[in-house]
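Spelled out, the chains give:
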Amino acid sequence: MGSISWDRQNGFTNEPYWKDATFYQVYPASFKDSNGDGWGDLPGLISELDYLSDLGVDVIWVSPIFDSPQKDMGYDVRDYQKIYAPYGSIEDVDVLLRESHNRGMKVILDLVVNHTSQEHEWFQESRSSKDNPKRDWYIWKPPRYDADGTRIPPTNWRSYFAGPTWTFDEHTQEYYLHLYASDQPDLNWENAACRKAIYDNTMRFWLDRGVDGFRIDTVNKYSKRQDFVDAPVTDPNSPHQSAPEMWCNGPRIHEFIHEMNREVLAPYEAVSVGELSNTPDPRQVRPYVSAQAQELDMVFEFSLIRLGTGNILGPKYIYQPFPLSKMKTLTQKWQFVDGTDDAWTTVFVENHDNARAVCRFGDSSTPELWNKSAKTIALWQVTLTGTLFLYQGQEIGMTNMPSSWGIEEYKDVESTGFYEEAVQSGDPELIKKTLHGLGHLARDHSRIPFQWDASPNAGFAREGATPWMRVHDEYKSINVARQRDDPDSILSFYKKALTLRKEHRDLFVFGSFTLLDPEDESVFSYVKRDIKGHTDKMAVVTLNMSGKQQMGTDVTSILGDGARLVVSTQEGSKLVDGRPVLKPWEGRVYVNH
Ligand code: GLC
Ligand code: CA
């Protein structure tokens, strides 16, 4: 936990390790399959720890590996203390921890405690009768009836994966709440015994085994408004309405998270990073992460990574093109660390819930620009203030599934939910737009098998195996083996850039951020300053985010004549009148000392 506050006098030695650590998210089903069943597993991950360590990873975040019916890829947990058998065993987790720790890396697990699987024994008990002691561990409500006497759900809320947030249970004639799939009933955090069971059963159990912390799923949805009323109708065409104000950042949320920290995270000094959706205002985010509040170390806020999507609970997959200026102002907004308080931020551009960055923020359509734009994205990320998170495959510029693939290759419950909703609407235009949007944005794009080499199944699984998702058609040209020894590769650039980030951590990890030329739609430039007040050290980052040659920002006027180029994504040229001539998708960083 972030008990160590910002200290102007003492520099970085007093900062917690997780601030300048590089985190790397592993999506275990798709990382490495060791036994040929086509599903990634813990022995596979363990066999690649040297790869992660060579890359410069400090902390590995493993997406859920617990026993689960896999309706939502393990974000539906059946038993928090068992490992889903295809991933391996609890002993494999011990080996993962030991082998990672031996290499100086830490491991955090994914904590999914807003909901369980409906197959979890808690829910089985809860649904068994209205007077079961665990009845109140989930959120049950009686039906309503409309004017015609037809049974309708307790409220009109829309769930994440389309459809209502309520499912009727015949057995006790009541509805249970689920913000996600009907297979994922929400736990009732209002119930103190339920909270205590969560702390013991899902957290202490793993911390006692040596896990270093958690990425905490859906962290701001534990407290729901307790009046359970209808949301205003914003989509007149649907019976289900977007209602995050009913269940997000609810009345007791800070109390619950504070308790979780006090009871479990703090005593174990476990690092925490919470998934904080629907909270696009830094003033609302600070209370979660200020060291004083003693809640979480870090959160993920999604405004930037959601660029291009429609409204999250509704037309999410109607693609919305966006200008570079939008990306800049959102970057600036979340670079709010200014040394005046202890608030901290995170930096990330990919995860398992979003499509690939090089396709969304770069240019993956031609091989030339694919390599160059992936490096420029890398340089953007490594020069930003906050804790950096990478997602598997980002470091080799993995791309979205080919546009020629049909809907049958999409496996995600959210993609299929939105597609089915469009089909049911009978509106050909909506179907077309949804397919187009999924092609750009679906969660599936980041979930296809990792591309290790050019052998069959991309080295993800042995020859003859059938991977659970189709391997990318381009795996022979985009893979680790091909990039490992190539100094010009994306992978080599990431290694270099991650080292550079640490060498200049005063500027890149801890510095302040000043955006330049916010309206320029081609070049993204900013200044990073040492805000510790120790030095006048500064960096200018200037990134050409277009396919045409551009003039970068005036480096000399900011840094003086001593401006020194510390890194470029391409062979750099000299400054012309203080400004670099940037080739298509070239990025550079200059410092004044
Ligand atoms: C989080 C996860 C996502 C999952 C959802 C429900 O948003 O990142 O993958 O579907 O929670 O648990
Ligand atoms: Ca396997």
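Please read these numbers as outputs of a predicted model, since none were measured by experiment. (Residues numbered from 1 in each chain as written. Chains lettered and ligands numbered in written order. Predicted model: local features only at pLDDT ≥ 70, side-chain atom pairs only at ≥ 80, totals over all residues. Heavy atoms only, no water.)

Participant: Explain the overall build of the chain to me, please; I cannot follow it from the model alone.
Facilitator: The helix and strand tally for the chain stands at 18 helices and 23 strands. Reported as C-alpha extents along the three principal axes, the dimensions of the chain are approximately 80 × 55 × 50 Å. A total of 593 residues make up the chain; the buried ones form 62% of that total. For the chain, restricting intrachain contacts to residue pairs at least 6 apart in sequence, the fraction spanning at least 24 positions comes to 71%. (Helix = DSSP H or I, 4+ residues; strand = E, 2+ residues; numbered from the N terminus. Buried < 20%, exposed > 50% of the residue type's maximum accessible area, 1.4 Å probe, protein only. Contact = heavy atoms within 4.5 Å.)

Participant: What am I meant to see in the site of ligand 1 here?
Facilitator: What surrounds ligand 1 is a group of 14 residues, the closest being Asp72, Asp217, Glu275, His352 and Asp353. One of the side-chain nitrogen or oxygen atoms of Arg215 is found 3.0 Å away from an oxygen atom of ligand 1. In the environment of ligand 1, an oxygen atom lies 3.0 Å from a nitrogen or oxygen atom belonging to the side chain of Arg443. Alone, ligand 1 offers 310 Å² of accessible surface; in the complex the protein occludes 97% of this. For the shell around ligand 1, the class distribution of residues is three nonpolar, four polar and seven charged. (Near = heavy atom within 4 Å. Polar contact = N/O pair within 3.5 Å; in protein donor to acceptor, adjacent residues only side chain to side chain. Areas by Shrake-Rupley, 256 points an atom, 1.4 Å probe, with all protein chains shown as cover. Nonpolar A, V, L, I, M, F, W, Y, C, P; charged D, E, K, R; others polar.)

Participant: What am I meant to see in the coordination of the calcium ion (ligand 2) here?
Facilitator: Tetrahedral coordination by four donors places them ideally at 109.5 degrees to one another around the metal; octahedral coordination by six donors ideally gives 90 or 180 degrees. Protein ligation of the calcium ion (ligand 2) involves Asp33 (OD), Asn35 (OD1), Asp37 (OD), Trp39 (O) and Asp41 (OD), the donor distances falling in the range 2.3 to 2.4 Å. Counting the intervening residues between successive donors of the calcium ion (ligand 2) yields the motif D-x1-N-x1-D-x1-W-x1-D. Neither Trp39 nor Asp41 differs from the other in exposure class; each is buried. (Donors = N, O, S within 2.8 Å, 3.2 Å for Na, K, Ca; no water.)

Participant: Would you explain the packing of helix 6 (residues 192-208) against helix 8 (residues 253-268) in this entry?
Facilitator: In the contact formed by helix 6 and helix 8, the axes pass within 11 Å of each other and the chain directions differ by 25 degrees. By the criterion of interaxial angle, the relationship of helix 6 to helix 8 is roughly parallel. In the crossing of helix 6 with helix 8, the sense of the turn from one axis to the other is right-handed. Taken together, the residues of helix 8 that come into contact with helix 6 (itself represented by Arg195, Tyr199, Met203, Arg204, Leu207 and Asp208) are Phe256, Glu259, Met260, Glu263, Val264, Leu265 and Tyr268. Tallied by class, the residues present in the contact of helix 6 with helix 8 amount to eight nonpolar, no polar and five charged. (Axes fitted to C-alpha atoms, helices over the stretch in contact; angles between N-to-C directions. Parallel < 35°, antiparallel > 145°, perpendicular 65-115°, else oblique. Left-handed = near helix turned anticlockwise from the far one by under 90°.)

Participant: Would you take a moment to explain the domain arrangement of the chain for this structure?
Facilitator: By a frequent convention, interface size equals the accessible area lost on bringing the separate parts together. Partitioning the chain into domains gives domain 1 (17-115 + 192-484), domain 2 (121-177) and domain 3 (511-591). One C-alpha centre belongs to domain 2, the other to domain 3; they are set 56 Å apart. (Domains from an automatic or database assignment.)

Participant: I keep staring at helix 4 (residues 90-102) and nothing clicks. Help me out?
Facilitator: Along an α-helix, residues three or four positions apart point the same way, because every turn accommodates 3.6 residues. With 13 residues, helix 4 extends 18 Å between its outermost C-alpha atoms, agreeing within 8% with the 18 Å of an ideal straight helix rising 1.5 Å per residue. Buried within helix 4 are the following residues: Ile90, Asp92, Val93, Leu96, Leu97 and Ser100. Looking straight down helix 4, one finds its buried side chains confined to an arc of 150 degrees; they lie on one side. In this structure, the buried residues of helix 4 make contact with helix 2 (42-47), helix 3 (49-55), strand 2 (59-62), strand 4 (79-83), strand 5 (106-111) and helix 6. Just past helix 4, the residue Gly104 takes up positive phi, approximately 80 degrees. (Expected span 1.5 Å × (residues − 1). Arc of directions from axis to C-beta.)

Participant: Looking at this structure, how should I read the pattern of salt bridges?
Facilitator: Side chains bearing opposite charge may pair, as long as their charged atoms lie close to each other. One pass over the full model with this rule turns up 41 salt bridges. As a salt-bridge pair, Arg144 and Asp230 come within 3.1 Å of each other at their nearest N and O atoms. With a gap of 86 residues between them, Arg144 in strand 7 (residues 144-145) and Asp230 in the loop between strand 11 (213-216) and helix 7 (244-247) connect regions that are remote in the sequence. Linking Lys372 and Glu368 is a salt bridge whose minimum nitrogen-to-oxygen distance equals 3.3 Å. Here Glu368 and Lys372 lie together in helix 12 (residues 367-382), a separation of four residues that amounts to about one turn. For Lys372, a relative accessible area of 18% translates into the label buried. (Salt bridge = Lys/Arg side-chain N within 4 Å of Asp/Glu carboxyl O.)

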